[in-house]
Amino acid sequence: MKNIFYASATLLLLSMVLAGCHEELKNVRGVVKGIQISKDTLKAMSISINEKGDTLLFSLNDARLQNGLMMPKDSVIVDYINGRNDTLRALVVTVIPNVQPSLPVQIDTLVTAPQK
């Protein structure tokens, strides 16, 4: 009887401890301030999250990129979890497309090369 009690108490305690270890996925929207690149690898990215100039630093080692590569002054949405020290771990980086209307090109005359 004691063995069943100790086994169930240990299992209950272990399940409670492991359930508390999950990190919550968070997301934030901001503007890219800078990107740290080493040869052909994206290492880190800092984004400004408000008008005050508050910035967050993200590690891009585990990140998946959506809608292309971000450049400084691009708007992004970052899904992240806590990392080490002051760096957050980015998991998904979504680049928000620029929605400015394109200007039509008007050509008055079309000049072509002569046939050979």
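Refer to the structure presented above.
Everything numeric here is computed off the predicted structure, so don't read it as measured data.

Colleague: Sorry if this is basic, but what is going on with unusual backbone geometry here?
Modeller: For residues that are not glycine, phi is negative in most cases, and the peptide bond is trans in most cases. Of note in this structure, Lys-39 is not a glycine but carries a positive phi near 55°. Locating Lys-39 in the fold gives a position in the loop between strand E1 (26-38) and strand E2 (41-48). Classification of Lys-39 as exposed rests on a relative accessible area of 83%. Residue Asn-85 is not a glycine yet carries a positive backbone phi of 55°. In this fold, Asn-85 is placed in the loop between strand E5 (75-82) and strand E6 (88-95).

Colleague: What exactly am I supposed to notice about the pairing of E6 here?
Modeller: For a regular strand, side chains alternate in direction, first toward one face of the sheet and then toward the other. With 2 bridges joining them, strand E3 (residues 55-59) and E6 adopt parallel strand pairing. When the bridges of E6 are listed, Ser-59 appears paired with Arg-89. Sheet topology note: the strand E4 (residues 64-66)/E6 ladder contains 3 bridges and is parallel. The residue bridging Leu-65 from the neighbouring strand is Val-93, located in E6. In this sheet, E6 lies alongside E5 in antiparallel orientation, the contact comprising 7 bridges.

Colleague: What is the right way to read the pairing of E1 from this model?
Modeller: Both E1 and E5 contribute to a ladder of 6 bridges, which runs antiparallel. For Val-28, the partnering residue across the bridge sits in E5 and is Val-78. Both E1 and E2 contribute to a ladder of 7 bridges, which runs antiparallel. Counterpart to Ile-35 in the pairing with E2 is Met-45.

Scoring rules and cut-offs
Residues numbered from 1 in each chain as written. Predicted model: local features only at pLDDT ≥ 70, side-chain atom pairs only at ≥ 80, totals over all residues. Heavy atoms only, no water. Helix = DSSP H or I, 4+ residues; strand = E, 2+ residues; numbered from the N terminus. Buried < 20%, exposed > 50% of the residue type's maximum accessible area, 1.4 Å probe, protein only. Pairing = 2+ DSSP bridges.

Taken by themselves, the reported measurements are silent on function.
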